[in-house]
Amino acid sequence: MAFSNTYLLSPSSLYKLNPVLFSHRRRSIALSRFHLRILKPRFFAAAASDNGVFTSPETAKSFDFTSEERIYNWWDSQGYFKPNFDKGSEPFIVTMPPPNVTGSLHMGHAMFVTLEDIMIRYNRMKGRPTLWLPGTDHAGIATQLVVERMLASEGIKRVELGREEFTKRVWEWKEKYGGTITNQIRRLGASCDWTREHFTLDEQLSRAVIEAFIKLHEKGLIYQGSYMVNWSPNLQTAVSDLEVEYSEEPGSLYHIKYRVAGGSRSDFLTIATTRPETLFGDTAIAVNPEDERYAKYIGKSAIVPMTFGRHVPIIADKYVDKDFGTGVLKISPGHDHNDYLLARKLGLPILNVMNKDGTLNEVAGLYNGLDRFEARKKLWAELEETGLGIKKEAHTSRVPRSQRGGEIIEPLVSKQWFVTMEPLAEKALEAVKKGELTIMPERFEKIYNHWLSNIKDWCISRQLWWGHRIPVWYIVGKDCEEDYIVAKNEDEALKKAQKKYGKNVEIYQDPDVLDTWFSSSLWPFSTLGWPDVSSEDFKHFYPTSVLETGHDILFFWVARMVMMGIEFTGSVPFTHVYLHGLIRDSQGRKMSKSLGNVVDPLDTMKEFGTDALRFTLALGTVGQDLNLSTERLTSNKAFTNKLWNAGKFVLQNLPNRSDESAWERLLAHKFDKEEYLLTLPLPECWVVSKLHVLIDAVTTSYDKYFYNDVAREIYEFFWGEFADWYIEASKAHLYQSENEAVSSTSQAVLLYVYENILKMLHPFMPFVTEELWQALPNRKEALIISPWPLPSLPRNLTSIKRFENLQALTRAIRNTRAEYSVEPAKRISANIVANPDVIQYISKEKDVLALLSRLDTQSINFTDSPPEDVNQCVHLVAGEGLEAYLPLADMVDISAEVQRLSKRLLKMQNEYDGLLARLSSPNFVEKAPEDVVRGVREKASEAEEKLNLTKTRLSFLQSTILVSE
């Protein structure tokens, strides 16, 4: 019999449940009806394979990885990814760091998707309304570059198309290829609410970006000016620090002579530079005020080479390191970040010698129009000719390159839009100080605080066509820096301009777009409806939200989101920031195409399964880099198989689905009652108690975001205790007991423990656990929405200790069997010696002990004193008050074993003597490599230990022969 009731709530009722998520103002939420399903118990579930979605271990040898897509689509079709709101539950929100729309899945994506999905699935099972908001970033530079390359292959240039037509082409590309990354993220099992998927150029998010710009400008926090930026000559735009990658590259260091004006030919200063072409932008020469070599030149002027006698002052500043290079520094404020800051401090002029395309401009005189690298080569040749080029030497430099185009980035002073960051940073610092925001791991708080305490203004303009156009309009015929209009759209801008300048005014929009990071910094609250949703709603909503991302973008993205969230909503946009590390190869190297060590997650999932990949990635410690190896993946694939085989064993040992009386007996067991727990046989009481301890430990680790601890704890319990010990022990009750009650108890415990293992593992390994869950009888609902195991369930510590004694005894017997090479199938006798209390509980589990230790049930004797033939036995001490005596004759043919060991001892002695001979030879010890000598010493030490063990065993066997004679 099966019963279920479905209740339908109206949109107005949903709005009352959560005004933020179900607001009619949210364009992205189009819910006319929302199902809250309450399922009453079903007595028997249909077989998992009946619905055509799932397969069972009863019919399949192993989990089929191709089933993953089918399972995922089933979850999605059932609406399990959508938040299921209830009045008494606090929502849990994760906003996905939006991957670039141009992106293709890499291990970094796999890491954040795995960790965020673990968070979501766990909290969903805990009964909280969970919302994981997915989306993609328009990726201004990357996307424009991709489309420009596509057009170039057709012989078309962007400028030939014009802005409007080019933007149209980019949208067409996005519609065709933009879904690649999200489809791949689905492949990882991401249980996002895809009905709420966003794109940073969506209408809602675009309105949020414009609103943010306007509000910041109204507060005087956005301004326009000419400052130093990272300039990409090929892309023709400023780029952020995150989009600049530094690499150690071979190059040259040029030593150049700067003559002192008015001095003799011997009066000159030598500077060393890697970029001689920037000398045309020199505005000073600096030395350290304490450097006696140059003290006489301070206050004089130097002549800049190849500039027809242009003079620059020779100044003193402690910034100059007198011990580095020649101790003389050329100051080129227009082309070096440090020089720029020094020039601003000292009031030096700034000269720009470079055009936006990387060619030199008119300031460079005869070099005007030459490419920067061509100019470098020509300039050096002429410096050598004139005697001003002293020497050129090989030098390794830290070269800044564009993350997108690969070209060398040029520090350049450029007119851009900036955000004043200091007032915003103060609030973000206070949020961490007050505990409103927790950063994990804690050590990153210091880095966060340092960066925000030393923050620089943010360049937010980019010279691109793809992105959010800056909402600024200029007045034709007016000064751009003084006369401009900030507005939501062109109509509003025109009305404002007409009001100020008259009806005949003409306006035009700023051609630049906003930095992609600007829109991304609004992501966590703009995706939830800002600016339509009030600050009060956000204050109610945010205390349950988490941001998970890589620690490498803590400053560029995370800190900016915190600042923007506080500024626009009055609240931090998330209460917890979980930072993961980088995925490295098995040798700890960063993955890169040049090294050929990039691991494709899609290929990995095909070979090892998505669950094995996810489990491997989640084993990393929070904030630490993870070395990914084939060995780890193989091990966790084996874990998946072990889980499957355990499911097969459980299913094969449950009552027939049609046996209602057997199922009534099985389901009558109540493991949440302490008094019932005490009635269980020792193995069952032990494993249930250990499970209840595990549930508490795992739940605590989940709540603290210690996912590596969760994975390790479940893995060790499942493999080391449930599979290796309880499954084996249960066979004694399932196969050898004639008592149906005992057999039923073992069946109930197998099912109870196994289904709870599946629940706790589900957030990590969703596919195989759901497949196995669906195969279990009497399933009331999907695993993805099943309730989390209750905490603080009863456990009996005495039973745990007693079974550990049984385990110790079993291990001791197993080790002895192995030591004497006893055939696995051979049953031997044993005398178990212990005090009466121990005898009482051990003897009750004689069948279990016999099964686990391969003992002859009829020849196990329990006593409180050693046997008479003690000298004919191997004596084992399993623990305090628990010993065993194994008759030697049961295990081996003593005479044959003495002969075998005697031969073996002779061979071992010869090998040992040979090693000692090598070590006693001065020629070997003194001339052989140190690691070789160390290896021989280690072999000799190991050989000596084995030799002594064999002598002891041989002596013991010989003594037993003498006793028997």
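About the criteria used
Residues numbered from 1 in each chain as written. Predicted model: local features only at pLDDT ≥ 70, side-chain atom pairs only at ≥ 80, totals over all residues. Heavy atoms only, no water. UniProt positions renumbered as here; feature names shortened; annotations may be inferred. Helix = DSSP H or I, 4+ residues; strand = E, 2+ residues; numbered from the N terminus. Buried < 20%, exposed > 50% of the residue type's maximum accessible area, 1.4 Å probe, protein only. Contact = heavy atoms within 4.5 Å. Areas by Shrake-Rupley, 256 points an atom, 1.4 Å probe, with all protein chains shown as cover. Lys, Arg positive; Asp, Glu negative; His and termini not counted. Charge placed at Lys NZ, Arg CZ, Asp CG, Glu CD. Expected span 1.5 Å × (residues − 1). Polar contact = N/O pair within 3.5 Å; in protein donor to acceptor, adjacent residues only side chain to side chain. Pairing = 2+ DSSP bridges. Axes fitted to C-alpha atoms, helices over the stretch in contact; angles between N-to-C directions. Patch = residues over 30% accessible without salt bridge, like charges linked within 9 Å, V, L, I, M, F, W, Y side chains within 5 Å. Salt bridge = Lys/Arg side-chain N within 4 Å of Asp/Glu carboxyl O. Parallel < 35°, antiparallel > 145°, perpendicular 65-115°, else oblique. Nonpolar A, V, L, I, M, F, W, Y, C, P; charged D, E, K, R; others polar.

- With an unreviewed UniProt entry as reference, the chain is termed valine--tRNA ligase, source organism Lactuca virosa.
- For the chain, the Catalytic activity (unreviewed entry) comment in UniProt is given as "tRNA(Val) + L-valine + ATP = L-valyl-tRNA(Val) + AMP + diphosphate".
- The record held by UniProt for the chain lists under Sequence similarities (unreviewed entry) the comment "Belongs to the class-I aminoacyl-tRNA synthetase family."

**So, the overall build of the chain**
At step 1: Within the chain one finds 33 helices and 31 strands.
At step 2: Over its C-alpha atoms, taken along the principal directions, the chain stretches across nearly 115 × 90 × 55 Å.
At step 3: Residue burial in the chain is summarised as follows: out of 965 residues, 53% are buried.
At step 4: For the chain, long-range pairs separated by at least 24 residues make up 77% of all intrachain contacts whose partners lie at least 6 apart in sequence.
At step 5: Carbon together with sulfur atoms contributes 48% to the accessible area of the chain, which is approximately 43,800 Å² in total.
At step 6: Positive and negative side-chain charges of the chain, numbering 115 and 127 respectively, have mean locations separated by a distance of 3 Å.

**Brief notes about helix α25 (residues 740-761)**
At step 1: In this model α25 runs 31 Å from its N-terminal to its C-terminal C-alpha over 22 residues, within 8% of the 32 Å that 1.5 Å per residue would give.
At step 2: Of all 22 residues in α25, 19 are buried, a share of seventy percent or more.
At step 3: Capping the start of α25, N739 holds a side-chain oxygen 2.9 Å from the backbone nitrogen of A741, two or three residues further along.

**Details of the sheet that holds strand β28 (residues 828-834)**
At step 1: Strands sit in the order β29-β28-β31-β30 across an open sheet of 4 strands; the sheet is mixed. Taken across any chain shown, the strands that pair with only one partner, and hence form the sheet edges, are β29 (855-863) and β30 (873-879). For this sheet the average axis-to-axis angle between neighbouring strands, irrespective of direction, equals 25 degrees.
At step 2: Here β30 pairs with strand β31 (residues 882-887) via 6 bridges, running antiparallel. Looking at the pairing, G879 lines up with L882 of β31.
At step 3: Strands β28, β29, β30 and β31 of the sheet are contacted by helix α27 (residues 797-819), whose axis makes an angle of about 150 degrees with β30.
At step 4: The strands that helix α29 (residues 846-853) touches are β28 and β29; relative to β29, the one it contacts most, it runs at about 125 degrees.

**Observations regarding a positive patch on the surface**
At step 1: Positive charge collects at one region of the surface, where R811, R814, R827 and R854 lie side by side.
At step 2: Within the secondary structure, R811 is located in helix α27.

**Let's talk about the packing of helix α19 (residues 610-618) against helix α26 (residues 766-775)**
At step 1: In contact at an axis separation of 7 Å, α19 and α26 are set at 125 degrees when each is read in the N-to-C sense. The pairing of α19 with α26 is recorded here as oblique in orientation. Contacts from T610, D611 and R614 of α19 reach α26 at P766, F767 and V768.
At step 2: Considering only residue class, the contact of α19 with α26 consists of 3 nonpolar, 1 polar and 2 charged.

**Let's talk about the pattern of salt bridges**
At step 1: Counted by the stated rule, this structure contains 35 salt bridges.
At step 2: R275 serves as the salt-bridge partner of E410, at 2.3 Å between the closest nitrogen and oxygen. Taken together, the positions of E410 in strand β16 (residues 410-419) and R275 in the loop between β10 (268-273) and β11 (284-287) put the pair 135 residues apart, joining distant regions of the chain.
At step 3: Judged by relative accessible area, R275 falls into the buried class, the value being 18%.

**Digging into the packing of helix α12 (residues 444-453) against helix α17 (residues 554-569)**
Pairs of packed helices are described in terms of their axes, by the angle between the two and the distance that separates them.
At step 1: Two elements in contact, α12 and α17, have axes whose closest approach is 11 Å; the angle formed by their N-to-C orientations is 75 degrees. Here α12 lies roughly perpendicular to α17, going by the angle between them. Counting all contacts with α12, which are made through F444, I447, Y448, W451 and L452, the residues of α17 involved are L554, F555, A559, R560, V562 and M563.
At step 2: Its residues assigned to classes, the contact of α12 with α17 shows 10 nonpolar, no polar and 1 charged.

**Section: the side chain of Q144**
At step 1: Along the chain, Q144 turns up in helix α4 (residues 140-153).
At step 2: Those residues within four positions of Q144 in sequence are excluded, and the remaining contacts are A139, R158, F166, L464, W465 and W466.

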